[in-house]
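# An overview of the molecular structure
Chain by chain, the residues:
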Amino acid sequence: MNNEFIATLVHDIPDFPKKGIVFKDISPLLASAKARSITTELLVRDFRAQTIDVVVGIESRGFLFGMLLADALQAKFVMLRKPGKLPGKLATQEYDLEYGTDTLEVQESAISPGDNVLIHDDVLATGGTAFAAAQLVEKIGGTVAGFNFVIELDFLKGRDLLNKYPITSVLHY
Ligand code: AMP
């Protein structure tokens, strides 16, 4: 099956970037044109029946498929970035990490009130990043149509935090 083919191109890297974390390396998947196109289709198919005005990609691996999804859905592509990267008038959202906090930023004019927004990232882990992304999109008037991820780490229960939105993940671990 397609998902099994994609799964062979996601490599587990134990103890990276620190001890106890199994890093999901999507580099082999990105390297394959066939895998990119299958993954893109699996990511968008649940969202084709509705109008998606904007695909938002979360820095930085969310930009990779994010742009391909925007092409597939004929939507605008918008970056959510870490502080200090975007020029102009910005909206910001702080969120908690295991130790400390982080912030996501977006250009305020990038999303118009009422736009239907699909939020994309490579991995759904605890859901903190994705939830902050939704708060940021809603802060500037966007409507969150749903989320999609290449990989969902089911055991971290990130889905529980996003339970009022539709979620599609290509691979589950
Ligand atoms: P979280 O906020 O816990 O859902 O973390 C999601 C963010 O961390 C995503 O942007 C992922 O790219 C990254 N991430 C978390 N866990 C992993 C992992 N095991 N392998 C690769 N990336 C990860």
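Figured I'd write up the structure that's included with this text.

Cut-off values and rules
- Residues numbered from 1 in each chain as written.
- Predicted model: local features only at pLDDT ≥ 70, side-chain atom pairs only at ≥ 80, totals over all residues.
- Heavy atoms only, no water.
- Salt bridge = Lys/Arg side-chain N within 4 Å of Asp/Glu carboxyl O.
- Helix = DSSP H or I, 4+ residues; strand = E, 2+ residues; numbered from the N terminus.
- Buried < 20%, exposed > 50% of the residue type's maximum accessible area, 1.4 Å probe, protein only.
- Near = heavy atom within 4 Å.
- Polar contact = N/O pair within 3.5 Å; in protein donor to acceptor, adjacent residues only side chain to side chain.
- Areas by Shrake-Rupley, 256 points an atom, 1.4 Å probe, with all protein chains shown as cover.
- Nonpolar A, V, L, I, M, F, W, Y, C, P; charged D, E, K, R; others polar.

As a further point, take the pattern of salt bridges. Pairing between side chains of opposite charge can happen when their charged atoms approach one another. Counted according to the given criterion, the structure contains 7 salt bridges. For the salt bridge of Asp122 with Arg61, the shortest nitrogen-to-oxygen distance reads 2.4 Å. Within this pair, whereas Asp122 is found in strand S7 (residues 116–124), its partner Arg61 is found in the loop between strand S3 (54–58) and helix H4 (62–72), the two being separated by 61 residues in sequence. The class for Asp122 is buried, based on a relative accessible area of 4%. Ionic pairing is found between Glu152 and Arg159, a salt bridge with its closest N-O pair at 2.8 Å.

Turning to the site of the ligand, a few remarks are in order. If you check the shell around the ligand, you find 13 residues, and the closest are Asp121, Asp122, Thr126, Gly127 and Thr129. Lys24 is positioned such that a nitrogen or oxygen atom in its backbone is 2.9 Å from a nitrogen atom of the ligand. Interatomic distance of 3.0 Å between a backbone N/O atom of Ala125 and an oxygen atom of the ligand. Taking 490 Å² as the accessible area of the ligand by itself, protein coverage stands at 79%. Among the residues making up the shell around the ligand, the classes are represented as 5 nonpolar, 4 polar and 4 charged.

Looking now at unusual backbone geometry. Residue Pro17 follows Phe16 across a cis peptide bond; omega there is 0°. Tracing the chain through its elements places Pro17 in the loop between strand S1 (11–14) and strand S2 (22–25). Between Glu59 and Ser60 the backbone carries a cis peptide bond, its omega angle lying at -10°. Position of Ser60 relative to the elements: it lies in the loop between S3 and H4.

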